[in-house]
Amino acid sequence: MTKPDAVLSQTSGVSATFTSVAPVSENGYISEEQVRQNIPTKKQFVDSHRQGVIIEGGVGYRQTVVIRSYEVGPDKTTTIESILNFFQETALNHVWMSGLLSNGFGATHGMMRNNLIWVVSRMHVQVDRYPIWGEIIEIDTWVGASGKNGMRRDWLIRSQATGVVFARATSTWVMMNKKTRRLSKMPEEVMAEISPWFIEKQAIKEDNPEKILKLDCKATYVNSDSKPKRSDLDMNQHVNNVKYVGWMLETIPDSFLESHLLSSIILEYRRECGSSDIVQSLSEPDDEGIILQEGIECDSHINFLNGLSLASEILEGSGLLGSFSKAPLRFTHLLQIDGRDSRKEEIARGRTTWKKKFSSMPFSPS
């Protein structure tokens, strides 16, 4: 694939050819918002402002991003919330470049005519490595069909310098009526708009998606003090789904977070969360026995290290059991409305998978 920066350098000024200001409204007036946004009315192939290009034979999208200081945590690596924000931003920019974007939050012209908005129903993210501060990454995204009334969107994040894949994700989106706040079937005119962009390609293959069980009030970790802030609301007037992840992770003990990295998260969204809702977050660790630092499971009789089977007593005698951890590898999560009555409506379920952090020097010098 041609690097986005090379494409942009070779096509200086070309983007202006594909950009046109939103058409004049019926009353002959162009609003200040339309002028400031300059939403394209036809397909763009290069966006020099966002460092974006169209790929995958004209239907996919790639954006180049430099990791900024406020997108990393104390360890100078990108936070999972920042990665999810990258996914959201590139998805919106993909629709922007398609020429289908109306003045809604990622909504097409047909969706706006039918008072429809997008809502995510499921997301699965896998992270192999986290980008570091100042690193340049490339984010690819594309869409495909998901049943009769849904759309699948996938992403891939890689290092521009090495080409190594950092993270991948897949998600399912459905439509909601903006006025009634109920899920809606996809109108034919909307399907006609977006189906030419569908491709058969998956970042994560999920033949049999794992079902996440619902936690009860006996969960090990519970936080009932979460309340949405005004800054948590998006343009669709509900809490942004990225905030849900933060609420889930806040229940996990700091001691665990200091020694483990999030390697996978699955989210199942049940209902939207409003500004007046009080949110209760529950987490339950899955105790699956001894786990290798690399995240390879083993039992109490046979241990596997680098593909070799070793007896437990040999490992104990050599002290290699220090490389094992009895900490839980996975957590199950639940977000629900903390209402006064006994019935608490679910907001989202989650499943996180973790791996031990490696030190820079795994073995002490002799």
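Structural data are supplied above this passage.
Quick look at the structure, then.

Parameters and conventions
- Residues numbered from 1 in each chain as written.
- Predicted model: local features only at pLDDT ≥ 70, side-chain atom pairs only at ≥ 80, totals over all residues.
- Heavy atoms only, no water.
- Salt bridge = Lys/Arg side-chain N within 4 Å of Asp/Glu carboxyl O.
- Helix = DSSP H or I, 4+ residues; strand = E, 2+ residues; numbered from the N terminus.
- Buried < 20%, exposed > 50% of the residue type's maximum accessible area, 1.4 Å probe, protein only.
- Axes fitted to C-alpha atoms, helices over the stretch in contact; angles between N-to-C directions.
- Parallel < 35°, antiparallel > 145°, perpendicular 65-115°, else oblique.
- Left-handed = near helix turned anticlockwise from the far one by under 90°.
- Contact = heavy atoms within 4.5 Å.
- Nonpolar A, V, L, I, M, F, W, Y, C, P; charged D, E, K, R; others polar.
- Core = buried A, V, L, I, M, F, W, Y, C linked by side-chain atoms within 4.5 Å.
- Domains from an automatic or database assignment.
- Expected span 1.5 Å × (residues − 1).
- Pairing = 2+ DSSP bridges.
- Phe/Tyr/Trp six-rings, centres within 6.5 Å; stacked < 30°, edge-to-face > 60°.
- Lys NZ or Arg CZ within 6 Å of the ring centre and 35° of its normal.

## Things to note about the pattern of salt bridges
- Evaluation of the coordinates by the stated rule reveals 20 salt bridges.
- Linking Glu32 and Arg36 is a salt bridge whose minimum nitrogen-to-oxygen distance equals 3.9 Å. Within this pair, Glu32 and its partner Arg36 are both found in helix 3 (residues 32-37), separated by four residues, close to a single helical turn. Both residues of the pair, Glu32 and Arg36, count as exposed.
- Measuring nitrogen to oxygen at the nearest pair gives 3.8 Å for the salt bridge that ties Arg158 to Glu138. One end of the pair, Arg158, is in strand 6 (residues 150-159); the other, Glu138, is in strand 5 (residues 136-146), with 20 residues separating them in the sequence.
- In this structure Arg158 comes out as buried when scored by relative accessible area, which is 15%.
- For Glu138, a relative accessible area of 2% translates into the label buried.
- Among the charged side chains, a network of salt bridges with common partners joins Arg62, Glu138, Asp140 and Arg158.

## Focus: the packing of helix 4 (residues 80-98) against helix 7 (residues 241-249)
- Where helix 4 contacts helix 7, the two axes come as close as 9 Å, and the packing angle between them is 165°. Here helix 4 is positioned roughly antiparallel relative to helix 7, judged by the angle of their axes. The hand of the helix 4/helix 7 crossing is right-handed. Between helix 4, through Ile80, Glu81, Leu84, Asn85 and Gln88, and helix 7, the contact on the second element is made entirely by Asn241, Val242, Val245, Gly246 and Leu249.
- Grouping the amino acids of the contact of helix 4 with helix 7 by side-chain chemistry returns five nonpolar, four polar and one charged.

## What to know about the nonpolar core
- Val125 and Tyr244 are the most contacted members of the largest nonpolar core, which has 68 residues in total.
- In terms of residue count, the dominant contributor to this core is helix 4 (nine residues).
- Taken domain by domain, this core gets at least three of its residues from each of domain 1 (1-207) and domain 2 (210-366).

## Comments concerning helix 4
- Helix length check: helix 4 (19 residues) gives 27 Å between terminal C-alpha atoms against 27 Å at 1.5 Å per residue, within 8%.
- Of all 19 residues in helix 4, 15 are buried, a share of seventy percent or more.

## Describing unusual backbone geometry
- Even without a glycine there, the phi angle at Lys76 is positive, about 70°.
- Residue placement: Lys76 occurs in the loop between strand 3 (60-66) and helix 4.
- Take Lys76: its relative accessible area is 53%, and that puts it in the exposed class.
- If you check the backbone angles, Asn115 has positive phi at about 55° while not being a glycine.

## Some thoughts on the pairing of strand 16 (residues 330-337)
- Within strand 16, eight of the eight residues are buried, leaving the element largely enclosed by the surrounding structure.
- Going residue by residue along strand 16, you find Arg330, Thr332, Leu334 and Gln336 tucked away on one face and Phe331, His333, Leu335 and Ile337 tucked away on the opposite face as well.
- With eight bridges connecting them, strand 11 (residues 279-286) and strand 16 associate as antiparallel partners. Within strand 16, the position partnered with Leu282 by the bridge is Leu334.

## Focus on the environment of Val119
- For Val119, the location among the structural elements is in strand 4 (residues 116-127).
- Accessibility expressed as a relative area gives 11% for Val119, which makes it buried.
- The spatial distance from the C-alpha of Val119 to the C-alpha of Tyr269 is 9.0 Å, given a sequence separation of 150 residues.
- Excluding residues that lie within four positions of it along the chain, Val119 makes contacts with Thr172, Trp173, Val174, Met176, Leu183 and His238.

## A word on the packing of aromatic side chains
- For the structure on display, the rule yields six aromatic pairs.
- With 4.8 Å between their ring centres and 25° between their planes, Phe87 and Trp155 make a pair best called stacked. On the criterion of sequence distance, the pair formed by Phe87 in helix 4 and Trp155 in strand 6 is long-range, its members being 68 residues apart. For the pair shown, Phe87 and Trp155 are each scored as buried.
- Plain terms: the ring middles of Tyr221 and Phe331 are 6.4 Å apart, the flat faces sit at 40° to each other, and that makes the pair tilted. Pair noted here: Tyr221 is in strand 9 (residues 221-226) and Phe331 is in strand 16, with a separation of 110 residues, a long-range link.
- Overall, the relative accessible area of 1% leaves Phe331 in the buried class.
- Among the aromatic residues, those joined into a cluster by ring pairs are Tyr221, Phe256, Phe331 and Trp354.
- Sitting over the ring of Trp96, Arg50 keeps its end group 4.2 Å from the ring centre.
- The lysine or arginine in question, Lys201, covers the ring of Trp142, its NZ or CZ lying 4.4 Å from the ring centre.

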